[in-house]
Amino acid sequence: MGGKLIIAGGNLEQSDKKIHKLLIEYAGGIDAKLAIVPTASGEEPMETIKYVEEIWIELGMRPENIIKLPIYGEEGKGWREPPLGDDCEIANMLSGVTGFWFTGGDQYYTHKAFIRKDGTDTKILEAMKKVYKEGGVVGGTSAGAAIMSEVMIAIGNNVSALKSPAVYGYEDYDDENSSSMDSVRIVKGLGFFAEGVIDQHFDVRARILRLIKVVTDHNNELYMGYGVSEDTAMIYDRDTKDITVAGSGAVYIVDCSKIKKSGDKDSCTFNNAMLSVIKEGDKYNQLENKIVFMK
């Protein structure tokens, strides 16, 4: 029996407890063992860790069942070899864990902690995927949502999607001087969700064109994109392939299977992109490509 993904669009306010309650429920209830993964939050994520921990305790979890993984984001261009995701002592902390929550920040830090330079999964990422495949839950918000895809959006917006070719990988990335106006950057994500590309902060920031650009990139074999509103989570069931929604916003489903682009492979001019929007109570099934709306 496969698990579930809880992919939150960032800025959880009204719906934070609702979404975290689902995480705890899917992990096995208040007696389950859950881990906070604060890597994207940078070198000093203590406030973020405290925020998540307090919500979980308020929802009934015991402090001793909350694992705080000491894999903090390493700023700058340096890459640790081996990455912290291969640390055996930290890996041993995962014993009995059935749920994970990736915090927000910069997905660059998460990428270089959990994916080796050769592109292979670290030991801890392999262990997380095993938990997920065996029925556990993996959740995350903002940058913690972006990392869910096999193909990940690192940075960029609609303007850069229109004006500039995509760039690839993190080799030349400078986290200290990055900007949302940078070219759309396509990198390898952690790969929990292989059925499309995830984007977040979706109806607050200008991102629909960048999502379509990445989905239709000539190096990909994908055709589906999923944009998640702030204060909202997309819930994915690995077994049934159902996608549902929790929170105050929506999930935007972009189907590019019939899209037609201009002759320039780097162009972001196109037609026949199909957009669907679902909210809490609605359900989209990937296998049938069918939406059932709330009555």
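The structure under discussion appears in the preceding block.
Here we summarise the structure given alongside this text. All figures in this text were calculated on a predicted structure; none of them were measured in a lab.

**Considering a negative patch on the surface**
Part 1 of the reasoning: Taken together, the side chains of Glu43, Glu44, Glu75 and Glu176 present a region of like negative charge at the surface.
Part 2 of the reasoning: For Glu44, the location among the structural elements is in the loop between strand E2 (33-37) and helix H2 (46-58).

**Observations regarding the environment of Lys290**
Part 1 of the reasoning: Tracing the backbone shows Lys290 in strand E18 (residues 290-292).
Part 2 of the reasoning: Judged by relative accessible area, which is 47%, Lys290 ranks as partly exposed.
Part 3 of the reasoning: In this structure, the C-alpha to C-alpha distance between Lys290 and Glu75, residues 215 residues apart in sequence, is 42 Å.
Part 4 of the reasoning: With residues up to four places along the chain from it excluded, the contact list for Lys290 reads Lys283, Tyr284 and Asn285.

**Things to note about the layout of surface pockets**
Part 1 of the reasoning: A volume near 210 Å³ is recorded for the largest pocket.
Part 2 of the reasoning: Forming the boundary of the largest pocket are Trp79, His111, Ile115, Arg116, Lys117, Asp118, Gly119, Gly169, Tyr170, Glu171, Val187 and Lys188.
Part 3 of the reasoning: Of the residues assigned to the lining of the largest pocket, the class counts are four nonpolar, three polar and five charged.

**Comments concerning the packing of aromatic side chains**
Part 1 of the reasoning: For the structure on display, the rule yields eleven aromatic pairs.
Part 2 of the reasoning: Aromatic pair Phe102 and Phe114: ring centres 6.0 Å apart, planes at 70°, arrangement edge-to-face. You can see Phe102 sitting in strand E4 (residues 97-102) and its partner Phe114 sitting in helix H4 (residues 107-114), a full twelve residues away along the chain. Phe114 matches Phe102 in its accessibility class, with the two residues each being buried.
Part 3 of the reasoning: Consider the rings of Tyr108 and Tyr109, whose centres lie 5.7 Å apart with planes at 50°: the pair is tilted.

Cut-offs applied
Residues numbered from 1 in each chain as written. Predicted model: local features only at pLDDT ≥ 70, side-chain atom pairs only at ≥ 80, totals over all residues. Heavy atoms only, no water. Patch = residues over 30% accessible without salt bridge, like charges linked within 9 Å, V, L, I, M, F, W, Y side chains within 5 Å. Areas by Shrake-Rupley, 256 points an atom, 1.4 Å probe, with all protein chains shown as cover. Salt bridge = Lys/Arg side-chain N within 4 Å of Asp/Glu carboxyl O. Lys, Arg positive; Asp, Glu negative; His and termini not counted. Charge placed at Lys NZ, Arg CZ, Asp CG, Glu CD. Helix = DSSP H or I, 4+ residues; strand = E, 2+ residues; numbered from the N terminus. Buried < 20%, exposed > 50% of the residue type's maximum accessible area, 1.4 Å probe, protein only. Contact = heavy atoms within 4.5 Å. 1 Å grid on protein atoms, 1.4 Å probe; cavity = no way out; pocket = protein on both sides within 12 Å on 5 of 7 lines; lining within 4 Å. Points joined across faces, edges and corners; volume = space filled by probe spheres on them. Nonpolar A, V, L, I, M, F, W, Y, C, P; charged D, E, K, R; others polar. Phe/Tyr/Trp six-rings, centres within 6.5 Å; stacked < 30°, edge-to-face > 60°.

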